[in-house]
Amino acid sequence: MSLIEARRNRKWIGCIDFGTAMSKAAVVRRKPRTELTSADVVPLAIGDRDGMGVRSGLLLPSVVYVSDQGTILFGKDAEDAAIRGERRSRQAFVSPKEYLSTRDPGALDEALEREIDPTGDFTGRKLLALFLAHLLVRAGRAAAIANVPWPVPLRIARPAWDEERAVAGEQALRSLVLQAFAIADRLGGQLSASGGITHDAARSALAAVMSDQRFLHPAALPDVFELSANASASVLEATAVAAGAIGDTRRRVVVLADIGGGSSDFGAFMTGLPGRGVLGEVDGSSGILRLAGDRLDVLLKFYIFKQARIDPFDSGSKGIVAHVRANQRAFKEALFTTGQLTIELVDNFLTVRKEDFLASPDVQEFARLLRSTFHDTLERGVACARENQLQGRRTPVEALLTGGGRSLPMVTDFITDPPLPIRLDEASPEIPDGPLDQTFLDLRPQLAVAIGGAVMDLPHQTARVRIRDVVDATTRTVREIANAVNTVRDIVDAAQPVHDAARAANPPPAANASGPPRIPSPAARLT
């Protein structure tokens, strides 16, 4: 059966979260979100491999490796091969979402560095299409095991790109997904086999698919996607996470920090009153910081070199430098989990303590930038809550932390030591009619975008909610605003006229359902 032309099962909706470090996928039954149960929410185990251990089957490493042995590897296989290749100065193609976010669209067709592609045959676009084809084949296999249909209409999660990049990015993402389905039709199970696919098979499939003009004009195959009212197939990641944690019980302002591997998304949103199904972005609150978990990996690498007095550019240090580079992410995870890390060097051992690493100047600057950006977003969210009150009734504010970097010490500090004098308490997420297995619950912050992007009745995105006094607010004013927001137990919803007045002042464009849904998501409540 051809996946590209197959009739989609419209009783379900899927979403691909094309992550910087890890990619995720989920399908959700097409039902009003108030009627969803745990049986209707199915994250797909796209990272599972037959007979081989993985950190989690629900996460697929966003890695492609062009080997010297004539094969292309994906996911964990690619990670392992990249570790072995470090000693030969080889590199994997990593962080595909960051590649899309930071490169000019035209650069997707440029040749890659020889360290990534020694053959000179594969561009960024080609490796992205091959990786997505691998993901889609694994998603189909995982759906069959979970006894849910595949293929289904898809949404694609995307970062908060600026307006110009959003247009080009939407086009690129949709074309890549279509090309990936067509590649999957040609290569089938080869894409998920241990050992990857041969260079020749990849070249042959790419030559046929990349020349098919249908895939450059996604409107020609609309059934592949779950389109919003404005014909978009994408879902903003920040909006997905925020809306996914919002019930229909009250008006509130939601402040989001989505800390990923290669970038961090921030935003503040105001919801409508019960039954309204709308979500408005707080003006000026959203943005991307090109700083996240991967950057901390790099800082730890150079911290180790400095403590061990290793010159990373000296030829005599090549072996230990390759070892540290290949394992920097695992080293970071071990350091933050156990509190210290012991590394075997050439003729001795080096022990790194978490508190010493966190106190280093580079890490302190990393933490300052994250905290400063979250502060600015929180400031706007609190000001919005302050302005949208009536007769002394204040709008509650929630801070949501999600993404793979959510557990970083400087991010958890957002809750234990918030950047404004506000008390934030972490709430416990739930899915209707649980319980769910612990593995799923532990990964909920990373699955929030994929699950949320697949829910049927995404809130309509209204015009931005404008605030008057935050741009020139002094620290004193901000603190007065923050202190004016009392405990959640003392807060009741703002009256309907407030929301109507805001919408009248900012007439919405045509309703856009590309914003997202209610997924149970980890939240930190302002109290």
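Note that the structure is a prediction, hence the values are computed from the model and not measured.

*Asks:* What exactly am I supposed to notice about the overall build of the chain here?
*Replies:* Secondary structure summary: the chain contains 15 helices and 20 strands in total. A burial count over the chain gives 57% of its 527 residues as buried. Considering only intrachain contacts with a sequence separation of at least 6, the fraction spanning at least 24 residues in the chain is 75%. As displayed, the chain has an accessible area near 22,100 Å², and 48% of this comes from carbon and sulfur atoms.

*Asks:* I would appreciate a short explanation of the sheet that holds strand β7 (residues 93–94) in the present structure.
*Replies:* Paired through backbone hydrogen bonds, the strands of a sheet run either parallel or antiparallel to each other. An order of β7-β5-β6-β9 is seen for the four strands of this open sheet, with the pairing classed as antiparallel. Because the sheet does not close on itself, it has two edges, and the strands there are β7 and β9 (197–198). Where strand β5 (residues 63–66) lies against β7, two bridges are found, and the strand directions are antiparallel. The residue of β7 that forms the bridge with V64 is F93.

*Asks:* What's the story with the nonpolar core in this structure? I'm lost.
*Replies:* Across soluble globular proteins, nonpolar side chains have a tendency to be buried as a group. Ranked by size, the top nonpolar core spans 65 residues in total, and within it L44, L130, W150, F181, I183 and L191 carry the most contacts. Considering every element that reaches this core, the biggest residue donor is helix α3 (residues 124–146), with 13 residues. Aside from chain neighbours lying at most four places away, what touches L130 is I72, F74, I183, L191, I197, A202 and L206. Residues V253, F266, L299 and A367 belong to the second largest nonpolar core, which totals 52 residues.

*Asks:* Before we go on, may I ask you to explain the confidence of the model for the chain in this structure?
*Replies:* Counting all residues, the mean pLDDT for the chain is 75, and 74% of those residues have values of 70 or more. Low confidence marks residues 425–430, where pLDDT is under 50. Its contacts with residues over four positions away, or in another chain, come to 17 contacts.

*Asks:* Looking at this model, I keep getting lost on the packing of aromatic side chains. Mind explaining?
*Replies:* We describe a pair of aromatic rings using the distance from one ring centre to the other and the angle between the two ring planes. The full count for this structure, using the stated rule, is five aromatic pairs. An angle of 5° between the planes, with centres 4.3 Å apart, marks the rings of F374 and F414 as stacked. Of this pair, F374 sits in helix α11 (residues 361–387) while F414 is found in helix α12 (residues 409–416), placing the two residues 40 residues apart along the sequence. The class for F374 is buried, based on a relative accessible area of 0%.

*Asks:* Mind showing me how you'd approach the pattern of salt bridges here?
*Replies:* Working definition: two side chains of opposite charge can pair if their charged atoms are close together. Counted according to the given criterion, the structure contains 18 salt bridges. A salt bridge links R174 to E170, with the nearest nitrogen and oxygen atoms 3.7 Å apart. Separated by four residues within a single helix, R174 and E170 lie in helix α4 (residues 163–187), roughly one turn from each other. The exposure class assigned to R174 is buried, which follows from its relative accessible area of 9%.

Calculation rules
Residues numbered from 1 in each chain as written. Predicted model: local features only at pLDDT ≥ 70, side-chain atom pairs only at ≥ 80, totals over all residues. Heavy atoms only, no water. Helix = DSSP H or I, 4+ residues; strand = E, 2+ residues; numbered from the N terminus. Buried < 20%, exposed > 50% of the residue type's maximum accessible area, 1.4 Å probe, protein only. Contact = heavy atoms within 4.5 Å. Areas by Shrake-Rupley, 256 points an atom, 1.4 Å probe, with all protein chains shown as cover. Pairing = 2+ DSSP bridges. Core = buried A, V, L, I, M, F, W, Y, C linked by side-chain atoms within 4.5 Å. pLDDT = per-residue confidence, 0-100. Phe/Tyr/Trp six-rings, centres within 6.5 Å; stacked < 30°, edge-to-face > 60°. Salt bridge = Lys/Arg side-chain N within 4 Å of Asp/Glu carboxyl O.

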